[in-house]
Amino acid sequence: LVQKDVDFTRVQSKVKNEVEGEMSKDQRREMLLAQMKQIMKELGIERDEKEALALQFTDALKDKTVPEEVQKVIDDELAKLSQLEPSSSEFNVSRTYLEWLTCLPWGQTTQENRDIGKAEKILNEDHYGLEDVKERILEHIAVNFLQESTQGKIMCLVGPPGVGKTSISKSIARALERKFYRFSVGGLSDASEIRGHRRTYVGAMPGKLVQCLKVTQSSNPVILIDEIDKLGKDFRGDPSAALLEVLDPEQNSSYRDHYLDVPLDLSKVLFVCTANELDTIPGPLLDRMEVIRIAGYVFEEKLAIANQYLIPSTMEENGVGDTKLSLEDEAVRKMIRDYAREAGVRQLRKLLDKVSRKVALSMVRKKEEEHPAVVVGSDNLTTYIGQPVFLTDRLFGQTMPPGVVMGLAWTNMGGATLFIEARGRLPVEGVEIARVSIEGSPETEERERKPSESSPLGEPSDMQVTGQLGTVMNESSSISLTYARMFIRELDPQKSFLDKAQIHLNVPEGATPKDGPSAGVTMAVALVSLAMDIPVRSDVAMTGELTLMGKVLKVGGIQEKVIAAHRENVKTVLMPRGNEADYLEIKEYLRAGLTAHFVDHFDDVYRYAFEGQEAPPLPFEPRGLPASTIVTPADAMPPPLPEVKSAEQPGL
């Protein structure tokens, strides 16, 4: 028993000595490290980690004009950092916060270009057309020059895809000699991406605007907020509401990010937003922006852009030099006319890329030095890009049947023309005849009416409307039918076709949703043409909202609609009287060869639409304000091409 106690004591003593030895070794190492650190500090070889960080943050603020409130926050945070242990989690949070505070460009701005001529040259080099945007930037430079200061503005470029909204923003930064930063808010649904996260959250980060200032190291960059019309919204907040303070000139001089929680001056930032349509942008946010519309390009502009920018760029990017590929002018014209009728030039760029890629493939298959130069003309264009997308210029040719009218519409892809078709038939007593048209071949099918289904002759019939129309357009069709019935009675009291007939109103391309109030006039003219069995002039297109009293109300998208009419070789357009000022703001070469009639009442629409068509004259003087006419000469030319080509491309 005694021997067991002795052995146990011996083992216990051994374990104790080993543990104490390890502890003394660690303590000795810690003591030596502390002594070495103190010696190196005394010799100036190495500083304390916290002191080194404090010195680093202080040096980062040199040559910066830090506001008093921000400086107080930095001093307090430095004092807090000095009391924390480096191993604590709070130390790293405080350190990261100080890094963000000290890396921002407090009071630092980029010297802005104030040479109007130089800026204008850069803008013309990079983009063809877009005079409204260029003029607005030159005005901004002029104001800064007179005030001898650097100012910020909020502009919103609105237009269909491919017209150059994003690329012109880069050119604006280059013309002003400012730093450029872009971020897209399309589909963004987290407000913290704009305002930042609270520092209490793990992995908290400042918002995009603070990150922008850190990257550009300038207080006056050009910030592009792309796709602002596609902002989302969910349980994480509303980003559009977060942008209200950012894009308000009266508030953004003291903008507060949730992470930094100190005032930031964004008043010198030039904000450029892009959107395809304004309807989805909240009203309070839209009110803070200066809207500049970019409607699209006409044929002559696309031709100039292709020759000056797109063709040289695609050849260079695909490794095909101008010695190996030659695009004839007629081939480019056919490509624009039969393949790329959209408002922008993105589809045209894709087609040019396709041609260049096919030539590059044939060059690789053969030895490059043995490959002959390829000449692409109108006769062999289909070999490279396939068959034309647009086989005919119009759905109906130069002769329009009664009941068919061409209207002008606005879409988020630009302007477009659409046809309104109206057909009708008086009911046969006892038999209902439904006429269905399949590919232009009428087929009739008859069935006996049941006595309960028959209606007395003369009872007003309802109108069937097809074409995937929205609520507003359906209401416009009802208004048009009601007014057309009254108007026909005023022309000839004996005509009761619209009162008794079974009417079908159709807008072709039924797979495409359509809505808006501007088709009211077009629908009414189609119904009047059907009732009189007299066709409308084939060179006329029209737009306008119609009321029950026959007044023609102002509509939007005039420039886009004029470009669409120009693209379809329309010679005469009928528009509301209230849009005359909008029409005059359009560049003269965009409306070259157009005769525009501005009407206040449907009476004038009737006069111009059926002019020379043997339609009965109005039995009374036209009601409403007198119509006005603007004739634009056909020889109006687009602006000349710039002399110098740049790498920036329009609409890409």
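Residues numbered from 1 in each chain as written. Predicted model: local features only at pLDDT ≥ 70, side-chain atom pairs only at ≥ 80, totals over all residues. Heavy atoms only, no water.

Draft legend 1. Main features of the overall build of the protein. Summing up its helical and strand segments, the protein has 21 helices and 21 strands in all. Classification of the 652 residues of the protein by burial places 46% in the buried group. Within the protein, contacts between residues separated by at least 24 positions form 76% of all contacts whose residues are at least 6 apart in sequence. In the form shown here, the protein has an accessible surface area of approximately 33,200 Å², with 51% of it arising from carbon and sulfur atoms. (Helix = DSSP H or I, 4+ residues; strand = E, 2+ residues; numbered from the N terminus. Buried < 20%, exposed > 50% of the residue type's maximum accessible area, 1.4 Å probe, protein only. Contact = heavy atoms within 4.5 Å. Areas by Shrake-Rupley, 256 points an atom, 1.4 Å probe, with all protein chains shown as cover.)

Draft legend 2. How the structure looks around the sheet that holds strand 10 (residues 404-411). The strand order across the open sheet formed by 8 strands is 14-15-11-10-16-19-20-21, and the pairing between neighbours is mixed. Looking along the sheet, the strands with just one partner apiece sit at the ends: strand 14 (463-466) and strand 21 (628-631). Across the sheet, the axes of successive neighbouring strands diverge by a mean angle of 25°, strand direction being ignored. Pairing of strand 14 with strand 15 (residues 502-506) involves 4 bridges; the strand directions are parallel. Among the inter-strand pairings, valine 465 is bridged to a residue of strand 15, identified as leucine 505. Running at roughly 75° to strand 11 (residues 414-425), helix 19 (residues 558-567) makes contact with strand 10, strand 11 and strand 19 (572-576) of the sheet. (Pairing = 2+ DSSP bridges. Axes fitted to C-alpha atoms, helices over the stretch in contact; angles between N-to-C directions.)

Draft legend 3. Layout of the nonpolar core. Counting residues in hydrophobic clusters, the biggest one holds 54 residues, and the most contacted among them are Leu325, Met335, Leu348, Val355, Val376 and Ile385. Broken down by element, this core gets its largest block of residues, 8 residues, from helix 12 (residues 299-317). Each residue touching isoleucine 385, except ones within four places of it in the same chain, is listed here: Met335, Tyr339, Leu351, Lys354 and Val355. Core analysis: the second largest hydrophobic core is formed by 52 residues, Leu61, Cys156, Leu188 and Leu285 among them. (Core = buried A, V, L, I, M, F, W, Y, C linked by side-chain atoms within 4.5 Å.)

Draft legend 4. Structural view of a nonpolar patch on the surface. Taken together, the side chains of Val11, Val15 and Val19 present a nonpolar region at the surface, about 240 Å² in accessible area. Structurally, valine 11 can be placed in helix 1 (residues 2-42). Overall, the relative accessible area of 52% leaves valine 11 in the exposed class. (Patch = residues over 30% accessible without salt bridge, like charges linked within 9 Å, V, L, I, M, F, W, Y side chains within 5 Å. Salt bridge = Lys/Arg side-chain N within 4 Å of Asp/Glu carboxyl O.)

Draft legend 5. Looking closely at helix 4 (residues 89-103). Taking 1.5 Å of rise per residue, 15 residues should cover 21 Å, and helix 4 covers 22 Å from first to last C-alpha, within 8% of that figure. Those residues of helix 4 that sit buried are Phe91, Ser94, Tyr97, Leu98, Trp100, Leu101, Thr102 and Cys103. (Expected span 1.5 Å × (residues − 1).)

Draft legend 6. Here's a closer look at the packing of helix 3 (residues 68-83) against helix 4. Where helix 3 meets helix 4, the axes come as close as 10 Å, and the angle between the chain directions of the two elements is 150°. With respect to each other, helix 3 and helix 4 are oriented roughly antiparallel. Considering the relative orientation of helix 3 and helix 4, their crossing is left-handed. Contact with helix 3, carried on its side by Val73, Ile74, Glu77, Leu78, Lys80 and Leu81, involves Glu90, Phe91, Ser94, Arg95, Tyr97, Leu98 and Leu101 of helix 4 and no other residues of that element. Of the residues contributing to the contact of helix 3 with helix 4, the split by class is 8 nonpolar, 1 polar and 4 charged. (Parallel < 35°, antiparallel > 145°, perpendicular 65-115°, else oblique. Left-handed = near helix turned anticlockwise from the far one by under 90°. Nonpolar A, V, L, I, M, F, W, Y, C, P; charged D, E, K, R; others polar.)

Draft legend 7. Examining the confidence of the model for the protein more closely. Counting all residues, the mean pLDDT for the protein is 81, and 88% of those residues have values of 70 or more. Predicted confidence for residues 430-459 stays below pLDDT 50, and this span has 37 contacts to residues more than four positions away or in other chains. (pLDDT = per-residue confidence, 0-100.)

Draft legend 8. Here's a closer look at the side chain of serine 218. Residue position: serine 218 is located in the loop between helix 9 (208-216) and strand 3 (222-226). Separated by 2.9 Å, the side chains of serine 218 and threonine 110 make a polar contact. At 2.6 Å, the side chain of serine 218 forms a polar contact with the side chain of asparagine 220. When sequence neighbours within four positions are dropped, the list of residues in contact with serine 218 reads Pro105, Gln108, Thr109, Thr110, Lys179 and Leu213. (Polar contact = N/O pair within 3.5 Å; in protein donor to acceptor, adjacent residues only side chain to side chain.)

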